Amino acid sequence: MSSAQIIRTKVGIVGGGPAGLMLSHLLSRAGIDNIVIEKRDHETIRNTHRAGILEAGSVKMLTDTGVDGRVLTEGHRHDGIDLRFNGVSHRLDFQDLVGESVWLYPQNEVFVDLAVARKRDGGDVRFSVTDSDVLDLTTDVPKMRFTDADSQRFEVHCDIIAGADGSQGICKRAIPADERTDHFIAYPFAWFGILTEAPPSAPELIYANSEHGFALISQRSERVQRMYFQCDPNEDASVWTEDQIWDELQKRVDGPDGYTLKRGRIFEQMVLPFRSYVCEPMRYGNLFLAGDAGHTVPPTGAKGLNLALADVKVLFEAIDSFYAAGSRELLEGYSDTTLERVWKAQNFSFWMTSMLHTREDQSSFERKRILGELNSVATSRYGQQYLAEAYTGWPSA
Ligand code: PHB
């Protein structure tokens, strides 16, 4: 192998998903040189289906910084959700409750917009890299190494490394085990997710609790819908027929109002296991974690991408103040600052998950208690406001 070519930059970013690209975008706008490396290719990320709800703050980050306004034209503003239990829907009107909305705009579209913006602005983003690692993290010159798509080996010398390489990435694992605490819980269920060619079954998202388990009726466009139902983590998605899937979804939203899902051809079906995880601290020397690299939440609260972008905002401001004012103060405080929001979101995601899902061994007491909990949210303005504030996103730090 030929010897490694040395590149000098200010910030090395591991991970070219939405978090890594957004950080790169913000840094470049502030004139801070950076390089992004990503092991997947552009098409793979573009076709990775993830959640689709953006908080107003996330939308603002895209539109105010000149990424693209496509979120406003192609995305759909949602002013509320339906909380459905015992076969009855309760609408939570976010505008009335907290004066906010969310946008339905899938994560892969956010990725596409950011990738286009990075290309347009001459950003240095290397997709399809292999053999990447990070080293010298506690020195003044942390480094990342990788082999690019043309088999050329590189060593990037930086001041700061951002680990935005997702829950399975290398950065979190580069923090020695005795320097971090892994806070972790698993759940005894997963989501069976589908994409279907059908018109929307409802104007807004429906989060449904039933004795048969949870279901989420979400959307993608006028012609494509996204839906999920709670399943066993070991479920094999491929053995389910379309009719079985539709019957299972319908069972969980059935009610005296006769609500019926609009069925269509299912063109993707997969099981999404989930867990809650936080790496503390989200920093080691000059390595700073952002997004799923530092924490994962179950999808029930739609917080994953929003939290990642909130991390990026805090990290960008810290890096910017380091270069603009020579101060390390915000960098030193990064982990504590960002973890405050992360733990609020962990609590919200855990709460939504436990309130809406049904455990297989659920006792009659537990079933009734959960209905009491759902009722205390749905029939109280204070309860509704608590959910609405968390769902639409707390103000940033
Ligand atoms: C989605 O549309 O994929 C979606 C929406 C809301 C969630 C999770 C996933 O809470």
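Quick caveat, the model's predicted, so the values are computed rather than measured.

Visitor: Mind showing me how you'd approach the environment of G66 here?
Guide: Along the chain, G66 turns up in the loop between α3 (56–64) and α4 (70–74). Taking the C-alpha atoms as reference points, G66 and T196, separated by 130 residues in sequence, lie 32 Å from one another. Beyond its immediate chain neighbours, meaning those up to four positions away, G66 contacts H25 and R120.

Visitor: What's the story with the pattern of salt bridges in this structure? I'm lost.
Guide: Opposite charge on two side chains allows them to pair when their charged atoms are near. All told, the structure shown has 29 salt bridges when counted by the stated rule. For E74, the salt bridge is made with R70, and the minimal N-O distance between the two is 3.9 Å. On the criterion of helical spacing, the pair formed by E74 and R70 is a turn pair, its members being four residues apart in helix α4. E74 gets classed as partly exposed once you look at its relative accessible area, which sits at 48%. Put simply, R77 and D79 hold a salt bridge, and the shortest N to O gap is 2.8 Å. Linked through salt bridges whose partners overlap, the residues forming this network are R70, E74, E109 and D113.

Visitor: Looking at this model, I keep getting lost on the domain arrangement of the protein. Mind explaining?
Guide: One widely used convention gives an interface's size as the accessible area the parts lose upon coming together. One can read the domain layout of the protein as domain 1 (5–78 + 103–183 + 276–351) and domain 2 (186–275 + 356–392). Computed from C-alpha atoms alone, the centre-to-centre distance between domain 1 and domain 2 is 30 Å. Each partner contributes to the interface: domain 1 provides 25 residues, whereas domain 2 provides 26 residues. When domain 1 packs against domain 2, the two sides together hide about 2100 Å² of surface, and 58% of this comes from carbon and sulfur.

Visitor: Can you walk me through the packing of helix α9 (residues 329–356) against helix α10 (residues 364–378) in this structure?
Guide: For any two helices packed against each other, one specifies the crossing angle of their axes together with the interaxial distance. Relative orientation of the contacting elements α9 and α10 amounts to 125°, with a least axis distance of 9 Å. Considering the angle they form, α9 stands oblique to α10. The segment α9 lies against α10, with W351, S354, M355 and L356 engaging I370, E373, L374 and V377.

Visitor: Explain the nonpolar core to me, please; I cannot follow it from the model alone.
Guide: Generally speaking, a soluble globular protein has its nonpolar side chains buried in company with each other. Formed by 105 residues in total, the largest nonpolar core has its most connected members in M22, L54, Y207, L315, L387 and Y391. Per element, the largest residue contribution to this core is eleven residues, and it comes from helix α8 (residues 304–325). Per-domain counts for this core show at least three residues from each of domain 1 (5–78 + 103–183 + 276–351) and domain 2 (186–275 + 356–392). Non-local contacts of L315, meaning those with residues more than four positions away in its chain, are made with L23, A162, F288, A290, L331 and Y334.

Visitor: Help me understand the side chain of Q230 in this model?
Guide: Relative to the elements of secondary structure, Q230 occurs in strand β17 (residues 224–231). A relative accessible area of 8% means that Q230 is categorised as buried. Only 2.9 Å separates the side chain of Q230 from the backbone nitrogen of F214, close enough to count as a polar contact. A polar contact of 2.6 Å, which involves the side chain of Q230, links it to the backbone oxygen of T358. Every residue in contact with Q230, bar those within four places of it in the chain, is listed here: F189, A190, W191, G213, F214, R252, H357 and T358.

Visitor: I keep staring at the sheet that holds strand β1 (residues 5–8) and nothing clicks. Help me out?
Guide: Strands in a sheet are paired, the pairing made by backbone hydrogen bonds, and the direction either parallel or antiparallel. A sheet is described by the order of its strands in space; here four strands give the open sequence β1-β12-β11-β10, paired in mixed fashion. At either margin of the open sheet sits one strand with a lone partner, and together these are β1 and β10 (130–135). Strand-to-strand twist in this sheet, taken as the mean axis angle between neighbours without regard to direction, amounts to 20°. Alignment of β10 against strand β11 (residues 143–147), held across four bridges, turns out to be antiparallel. The residue of β11 that forms the bridge with D133 is R145.

Visitor: Explanation requested: helix α6 (residues 107–120) in the structure shown.
Guide: What sets the pattern is the α-helix's 3.6 residues per turn: residues three or four places apart point alike. The end-to-end C-alpha distance of α6, which contains 14 residues, comes to 20 Å, matching closely the 20 Å that a straight helix rising 1.5 Å per residue would cover. Counted residue by residue, α6 has ten buried out of 14 residues, so it is predominantly covered. Listing the buried residues of α6 in full gives Q107, N108, V110, F111, V112, D113, L114, A115, A117 and R118. G122 lies just past α6 and shows a positive phi near 75°.

Visitor: Looking at this structure, I do not really get the site of the ligand. What am I missing?
Guide: In the neighbourhood of the ligand, 15 residues make up the surrounding shell, with Y207, S218, R220, Y228 and P299 lying closest. Here an oxygen atom of the ligand and a backbone polar atom of P299 are 2.8 Å apart. Take T300: an N or O atom from its main chain is 3.4 Å from an oxygen atom of the ligand. Coverage of the ligand by the protein amounts to 100% of the 280 Å² it exposes when considered alone. Among the secondary structure elements, those contributing two or more residues to the shell around the ligand are β15 (205–209) and β17. Considering only residue class, the shell around the ligand consists of nine nonpolar, three polar and three charged.

Parameters and conventions
Residues numbered from 1 in each chain as written. Predicted model: local features only at pLDDT ≥ 70, side-chain atom pairs only at ≥ 80, totals over all residues. Heavy atoms only, no water. Helix = DSSP H or I, 4+ residues; strand = E, 2+ residues; numbered from the N terminus. Contact = heavy atoms within 4.5 Å. Salt bridge = Lys/Arg side-chain N within 4 Å of Asp/Glu carboxyl O. Buried < 20%, exposed > 50% of the residue type's maximum accessible area, 1.4 Å probe, protein only. Domains from an automatic or database assignment. Buried area = accessible area lost by both parts, 1.4 Å probe. Axes fitted to C-alpha atoms, helices over the stretch in contact; angles between N-to-C directions. Parallel < 35°, antiparallel > 145°, perpendicular 65-115°, else oblique. Core = buried A, V, L, I, M, F, W, Y, C linked by side-chain atoms within 4.5 Å. Polar contact = N/O pair within 3.5 Å; in protein donor to acceptor, adjacent residues only side chain to side chain. Pairing = 2+ DSSP bridges. Expected span 1.5 Å × (residues − 1). Near = heavy atom within 4 Å. Areas by Shrake-Rupley, 256 points an atom, 1.4 Å probe, with all protein chains shown as cover. Nonpolar A, V, L, I, M, F, W, Y, C, P; charged D, E, K, R; others polar.

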